[in-house]
Structure formats: structure tokens, C-alpha cells
Amino acid sequence: MATTTTPQQPNRNNADVIDLGRLLGLMLDNKWLIIGITSFFAVASIIYALCATPIYQADALVQVEQKTGGIPGLSDVTDMLGGSGSDSAAATEIELIKSRMIIGETVDDLHLNIQVEPYYPYGVGKGLAARLGWKPGTLLVSRFQVPAVYEESVFQLQIMKNGGYQLNLGGSDLLQGKVGELAQSKDGISLFVSDLKGEEGQRFTLTKKPDLQVINDLQEQLLVSEKGKKTGMLSLSLEGDDRDEIRSVLENIANNYVMKNIERNAAEAEKSLQFLQSHLPDVRSSLEDSEQKLNNYRQKNESVDLNLEAKAALDTMVALETQLNQLTFKESDISQQFTKSHPAYISLMEKRHTLMKEKERINQQVQKLPKIQQEVLRLMRDVQVGQEIYVQLLNKVQELNILKAGTVGNVRIIDDAAVKIKPVKPQKALVAIIATLLGGMLSVALVLIRAAFNRGVEGPEE
């Protein structure tokens, strides 16, 4: 009886096992390809690291102190109300630093919307140009105004003889000028060059950027963070390829931020000062009118004098009016911070009510005096109360003027803007290592892909 032999099927598990020996053989067979690609990546990374434009980093440190409540000389209820405030105002201050109010002022101060770049031939960058010893020259532009259609257009400025220059766009000459003189064209372009150094024929590129675009770019580049939790120490950093520019930009931002903080803290004093100064003429006029009425009445009634009872009532009435006026100042201050249902405001109103009841009692006693005494008492009260109010207003104006002149913000610069000595980018060693590893991985992957697509006979078993 014949027997049939079934061909032995290959074990699928063996097919799934990676043959390390075969892989090692592939690597050895293609070693020169792997070495070549890896070497190419390594050399290219070294050349890039040496020729790339170095990026520097400037940093500064600002402290945000916790605000104290109220204005000295104006708010007399701070101790009664107790301290109130958040643990840290750093989050708010970070947004203020990066706001258009601060950044926009820096853009205007330093003319950051005017971008000047030296022209390097063959597309060479600043890093390679420095290694080749090419001197870029110096161009400082204080004013560059163009119509809206020319914004973001790349102008070319060429140095001419005797400190002159020529500005052109797309090969068309627009204007000619000299250093220190305002040059204008018929197209509405005006240019003021404050400094120009370089050889004759040297060129620069000149671009006018929209203010909002420059502000947005600077907001993205500026990094502001709090060092530690609830420390109030804000770290500002800015990166760029020009050491002097990034230092001056960061320093200007920090200074503008401090000045805006001082102005913000003095705004309350300024507002109160304007209010008092606007009422001084009316109070002075009312006082003069009261004095004139008293003099006329005394002349008409042959200089009537007050008796002891009337004098005591007058002193009491003047004291009550003085306290009521002081409460009016306090009410004006506290009403800006709290509602009428707050305990401090209620306490103030209760004190006013008590004084008003005392004033009503004194008025009832005065009504028992003779009519001439009552009239003289009323006129003298108006004069003395008017004098008290006027003196109080003058004193308050003096206090607010001193406060405004000596206002100090609750932020201060701890470390001025400074640039690190070594560039932060590119990191040459890291770039070379990563590029070399990447080249090795790509070369090995290329060998494996080629082997995977190779369908030829590789062994006698097949």
C-alpha cells in the first residue's frame, strides 16, 4: 500500500523570529553606506552650528509688593477696615507687562516698527558674515513714515559719497538725503537718518512694519513668569540675535512697567486733587459772602456782641459742623470701596446721625435767644464754619500734592536687564550629537528598507 508524504510546512513561529545574525550581516555589508550618511549628517551639523546666527538671551527681575489699603492723608478708615488683598498679584502683573499699553510704548520709544538689516551678498547670514569678517556697518533711523500701501515693503538704502544715501524700492529711486536731515519724497515717504557708517556702495534693507504686528510679535517673544509660588518675583526674558537691542528692549519694558504702576497708584490722588481744587473757588466765594453779611449786619446794628451763652453755643455749633465735614470726607472715601450695607459704612452713618441730633438740640437752645443774638450767631457760625472748611480743603490739597509728588509704586526692578555672555542657541554640541544620531538611524533604516524589498534567493534551502 503506497504511502503519501506530506511536505513539511515551515514553522510560522520561526518566521516571526528576528534573525539577529542576518541583520548584523546586512549592517556589515552596507557599512560604508551607513558610515557615509552618518558622517554627512555630522559634518553638516557642525557646519550649521558654526555658521548659524547666535541667539542671545536677556533677562531682568522685578518684584511685585502687596499693596497697602487706601491713600495716606485721605483714607482714615484703613486700620478699622483691616488689610485686604490677594496673596499674590503676580498673575495680574504678568498680563499688564505683556499688554499693548506697555509693549506699545516700548515699540514707539525704540522705533521697533522700523526694521534695519545690513545686506549680505549670496544670501549669507549674520553668523557666517561675522566669521568671514564682513563688517555690516551702522544705520540708525529715527523716523521712517510711508503710506499704508508701502508697509512691509522691503526698501534698499545705499551709502553714497559725503555721508549721503539713496533709497529705492524695486530698482526705482525714491529719494536722496544726508545724515541728520529729513528727506521726503513725492509719494509721501519721509526718512530721517541719525547715524550712518559704512563704505560707499554698501546697502541696507529697510522695512516699515505695522505697529500692531510688531506688538504682537514682541508679546510672543517676551517670556514673563513668577519665580516660585506666591513670591511676587517676576522674571522677564527676551531672546534675539542683537545683544544691545534685546537688552535695551527689555530694559525699556521694565522701566515703562514701573512708571505705569506709579501713575496707576497716583491716579486716585490725582482724581481727589482735581475734585478738591474744583470746589476751592466756590468755598472761598461762600466764605467771603458770609464775612460780608456779618460785617454789614454789625454795622447796621452798631456792632452787636454775643453773651457767654451765645458764645458757648457758637463754639459747639462750629465743632459739630467741623466733625460733620470730616465725616463727609470719610464718606466720600469709603463709598469708593464699599457698599452702603458694609459695617464700616453703617458705622459712619450712625455717627453722622448722632451729630445731627446734637446739632438739632443746639439749634433749639439758640431759638430761645433774642432775635438779634440769633442772627449774629447764625452769621458768625457761617463765617467760622466756612473758614474751617476752607482751611481743611487747603490742607487736604497740600497733602495730596505731596503724596502725588512722592508716590512710589508697589513694583520695583531688582535686577536690571542684562545679556548672558554665551549664546543660548544654537547649542553646538547638542546639535552635532542629535544630527549624528539621526544620520545613523536614517542610514540603518535605509538598509533595512532595501533588504525588505529585495525578493531574490538568499540561501540554498529556498
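Up top is the structure.
Residues numbered from 1 in each chain as written. Predicted model: local features only at pLDDT ≥ 70, side-chain atom pairs only at ≥ 80, totals over all residues. Heavy atoms only, no water.

Brief notes about helix H6 (residues 100-110)
All of the buried residues along H6 are Ile102, Ile103, Gly104, Thr106 and Val107. Backbone geometry just after H6 places His111 at a positive phi near 55°. (Buried < 20%, exposed > 50% of the residue type's maximum accessible area, 1.4 Å probe, protein only. Helix = DSSP H or I, 4+ residues; strand = E, 2+ residues; numbered from the N terminus.)

Details of the sheet that holds strand S10 (residues 223-226)
Two strands in a sheet stick together by hydrogen bonds in their backbones, pointing the same way (parallel) or opposite ways (antiparallel). Spatially, 4 strands are ordered S10-S11-S1-S12 in an open sheet, and the strand pairing comes out antiparallel. Edge positions in the sheet fall to S10 and strand S12 (411-419), since each has one partner strand and no second. Between one strand axis and the next, the sheet turns through 15° on average, direction left out of account. (Pairing = 2+ DSSP bridges. Axes fitted to C-alpha atoms, helices over the stretch in contact; angles between N-to-C directions.)

A word on the packing of H6 against helix H8 (residues 211-221)
Where H6 meets H8, the closest approach of the two axes is 10 Å, and the angle between their N-to-C directions is 115°. Accordingly, the angle class assigned to the pair H6 and H8 is roughly perpendicular. Considering the relative orientation of H6 and H8, their crossing is right-handed. Note on element contacts: H8 touches H6 through Asp211, Leu212, Val214, Ile215, Leu218 and Gln219, opposite Arg100, Ile103, Gly104, Val107 and Asp108. For the contact of H6 with H8, the class distribution of residues is 6 nonpolar, 2 polar and 3 charged. (Parallel < 35°, antiparallel > 145°, perpendicular 65-115°, else oblique. Left-handed = near helix turned anticlockwise from the far one by under 90°. Contact = heavy atoms within 4.5 Å. Nonpolar A, V, L, I, M, F, W, Y, C, P; charged D, E, K, R; others polar.)

Brief notes about the pattern of salt bridges
Per the counting criterion, the structure on display carries 4 salt bridges. A salt bridge links Lys260 to Glu105, with the nearest nitrogen and oxygen atoms 3.5 Å apart. Placement of the pair is Lys260 in helix H9 (residues 243-300) and Glu105 in helix H6, with a sequence separation of 155 residues. Residue classification places Glu105 among the partly exposed positions, given a relative accessible area of 28%. (Salt bridge = Lys/Arg side-chain N within 4 Å of Asp/Glu carboxyl O.)

Thoughts on the packing of aromatic side chains
Two descriptors summarise a pair of aromatic rings, namely the distance from one centre to the other and the angle between the planes of the rings. In this structure the tally under the stated criterion is 3 aromatic pairs. Ring geometry for Phe40 and Phe41: centres 6.0 Å apart, planes at 85°, overall edge-to-face. By relative accessible area, Phe40 is classed as exposed at 57%. Judged by centre distance (6.0 Å) and plane angle (55°), the rings of Tyr150 and Phe155 are tilted. In textbook terms, an aromatic cluster arises when at least three aromatic residues are bridged by ring pairs, as seen for Phe144, Tyr150 and Phe155. The lysine or arginine in question, Arg243, covers the ring of Tyr56, its NZ or CZ lying 4.9 Å from the ring centre. (Phe/Tyr/Trp six-rings, centres within 6.5 Å; stacked < 30°, edge-to-face > 60°. Lys NZ or Arg CZ within 6 Å of the ring centre and 35° of its normal.)

Considering the nonpolar core
Counting residues in each nonpolar core, the largest one holds 29 residues, and the members touching the most others are Ile97, Leu218, Leu236, Leu250 and Ile253. Every element with two or more residues in this core is listed here: strand S1 (56-64), helix H5 (90-97), H6, H8, strand S11 (233-240), H9 and S12. At 6 residues, H9 tops the list of elements feeding residues into this core. Beyond its immediate stretch of four places on either side in the chain, Ile253 contacts Ile97, Ile102, Ile103, Thr106, Leu218, Leu222 and Leu236. (Core = buried A, V, L, I, M, F, W, Y, C linked by side-chain atoms within 4.5 Å.)

What about the sheet that holds strand S3 (residues 138-145)?
An order of S3-S8-S7 is seen for the 3 strands of this open sheet, with the pairing classed as antiparallel. Of all strands in the sheet, those with a lone pairing partner are S3 and strand S7 (182-184), marking the two edges. Strand after strand, the sheet turns through a mean of 30° between neighbouring axes, direction not considered. Pairing of S7 with strand S8 (residues 190-197) involves 3 bridges; the strand directions are antiparallel. In the strand pairing of S8, Leu182 is matched with Phe192.

What to know about the environment of Phe275
Along the chain, Phe275 turns up in helix H9. The partly exposed category is assigned to Phe275, whose relative accessible area is 46%. On a C-alpha basis, the gap between Phe275 and Val397 in space is 9.7 Å, while along the polypeptide they are 122 residues apart.

Focus on the side chain of Asn30
In this fold, Asn30 is placed in the loop between helix H2 (20-29) and helix H3 (31-51). Taking the relative accessible area as the measure of exposure, Asn30 reaches 17% and is therefore buried. Not counting residues within four places of it along the chain, the set of residues in contact with Asn30 comprises Val447 and Arg450.

With respect to the environment of Asn162
Structurally, the position occupied by Asn162 is in the loop between strand S4 (154-159) and strand S5 (164-169). Note: C-alpha distance between Asn162 and Val179 (17 residues apart in sequence) is 9.6 Å.

Thoughts on the pairing of S10
Bridge count between S10 and S11: 4 bridges; the pairing is antiparallel. Of the residues in S11, the one forming a bridge with Glu226 is Leu234.

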